[in-house]
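# Summary of structural features
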Amino acid sequence: MTKPVKLILAAVIVLFVGAVAAAMFVRRPSESTWVEIVQDGKVLYTLDIADSENRTFTIESADGGYNKVEIIDGAIRISDADCPDRTCVNTGFLRSETIPIVCLPHRLIIRYTEEQEDEN
Amino acid sequence: MKTKRLAELSLLTAVSLIIFIVELRLPNLSSIPGVKLGLANIITVYSAYKFSGREVLLMVLTRVLLGSFFSSNFSAVIYSLAGALLCLAGMLLLRKIIPLNYLWLCSILGAVLHNTGQIIVAVVVMRSFAVAAYYPFLIISGCIAGAFTGLCAQLVLRRLMPIENHDKGE
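Heads up: these notes are all about the structure in this document. (Residues numbered from 1 in each chain as written. Chains lettered and ligands numbered in written order. Predicted model: local features only at pLDDT ≥ 70, side-chain atom pairs only at ≥ 80, totals over all residues. Heavy atoms only, no water.)

### Remarks on the interface of chain A and chain B
The accessible area lost on association of the parts is a frequent measure of interface size. We apply this condition: Should any heavy atoms of two residues lie within 4.5 Å, those residues are counted as being in contact. Accessible area, probed at 1.4 Å, shrinks when two parts are joined; the buried area is that loss added up over both. Should a side-chain nitrogen of Lys or Arg be within 4 Å of a carboxyl oxygen of Asp or Glu, the pair is scored as a salt bridge. Think of a polar contact as two N or O atoms within 3.5 Å of one another; within protein, one of them needs to be a possible hydrogen donor and the other a possible acceptor, and neighboring residues in sequence only count if both atoms come from side chains.
Contacts between the two partners involve 32 residues from chain A and, on the opposite side, 31 residues from chain B. Roughly 2,700 Å² of surface becomes buried between chain A and chain B when both sides are summed, with 79% attributable to carbon and sulfur atoms. Where chain A packs against chain B, one counts zero salt bridges. The interface formed by chain A and chain B holds three residue pairs in polar contact (both at pLDDT 80 or more) in total.

Here it is as structure tokens:
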């Protein structure tokens, strides 16, 4: 093993360990119960899911597709979608403060946000 | 381009497309967007050490474009393309430093670069840095998937070596 190869191997190990540490860090649960739903960089909804009644609503995307968003007992998820990969449905409920639910084909993001002033 | 070279490149591209389609049939291993074993990259890694940069670029572009036709997932093309190009650029530089018997190391870095390209495009397309929270998970999966495809590529190399030596003897 030559010196440059050893250096690259060391860099890869550092990268891997760093990524594992970062992954554990971003997994921490959210303290806020406010969620925002963003499509194409625009905020569609901002709501307090702890204070929302159980319901399902549909968000249509520009290309004619849809994502069904479901709120059950203070938790939110995408329950159905017609995107090709359905990764957003498989992600399940939103838990982590930093990791959002994403639907790449429909450019939809659901994530926790800071607590907002109650508008009502 | 010599006819023989053309035939070799076409054959390898076809093989990588077949691997790609077979992998589509496998159930998704994780719920993280962008995470994939990327078995078709066994051929890319192998080719990066066997052919010129221009030739591998042609192969990769063909695979990504035809692959999107076969999977009919057109919205994924831009992610695959960005990932594949960054991965290829990195591997073509690394092949000068990393010898053939450490192919897997080159493959790991290629996979991580692939994921980096995907995340950059995702941030631009989604107009939000929120998706970057997935980057650590993509690095971890890239390291594992890259090591696996790299080791597979080394096995392929070992199998193809006797054939190549036979060809030269003719």
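### Comments concerning the packing of aromatic side chains
Our working rule: Centres within 6.5 Å are what make two rings of Phe, Tyr or Trp a pair, Trp counting through its six-membered ring; a difference in plane orientation under 30 degrees is then read as stacked, over 60 as edge-to-face, and the rest as tilted. Type-normalised accessible area, obtained with a 1.4 Å probe on protein chains alone, sets the label of each residue: buried when under 20%, exposed when over 50%, and partly exposed for intermediate values. Only when the NZ of Lys or the CZ of Arg is both within 6 Å of the ring centre and within 35 degrees of the ring normal is a charge said to sit over the ring.
Taken as a whole and judged by the stated rule, the model has two aromatic pairs over all chains. Look at B:Phe69 and B:Phe74: their rings are 5.9 Å apart centre to centre, the planes differ by 75°, and that puts the pair in the edge-to-face class. Using a relative accessible area of 54% as the deciding quantity, one classes B:Phe69 as exposed. The exposure class assigned to B:Phe74 is partly exposed, which follows from its relative accessible area of 48%. The cationic tip of A:Arg28 hangs over the ring face of A:Phe25; the distance from NZ or CZ to the ring centre is 4.4 Å.

### A closer look at the layout of surface pockets
Residue and element names in this part refer to chain B. Our working rule: Put simply, the grid is 1 Å and covers the protein atoms alone, a cavity is a trapped set of points that fit a 1.4 Å probe, a pocket is an open set with protein on both sides within 12 Å along at least five of seven lines, and lining residues have an atom within 4 Å of a point. Grid points are joined across faces, edges and corners, and a volume is the space filled by probe spheres set on the points. The helix and strand labels rest on DSSP assignments: H or I over at least four residues marks a helix, E over at least two residues marks a strand, and numbering proceeds from the N terminus. Nonpolar residues are Ala, Val, Leu, Ile, Met, Phe, Trp, Tyr, Cys and Pro. Charged residues are Asp, Glu, Lys and Arg, and all others, Gly as well, are polar.
Of the volumes computed, that of the second largest pocket is approximately 420 Å³. Taken together, 14 residues line the second largest pocket, and the ones lying closest to its centre are Glu8, Tyr46, Leu160, Glu164 and Asp167. Among the elements of the structure, α1 (3–25), α2 (41–50) and α6 (135–169) are those that each provide at least two residues to the lining of the second largest pocket. The element that contributes the greatest number of residues to the lining of the second largest pocket is α1, accounting for six residues. Here the lining of the second largest pocket is built from residues that sort into seven nonpolar, no polar and seven charged.

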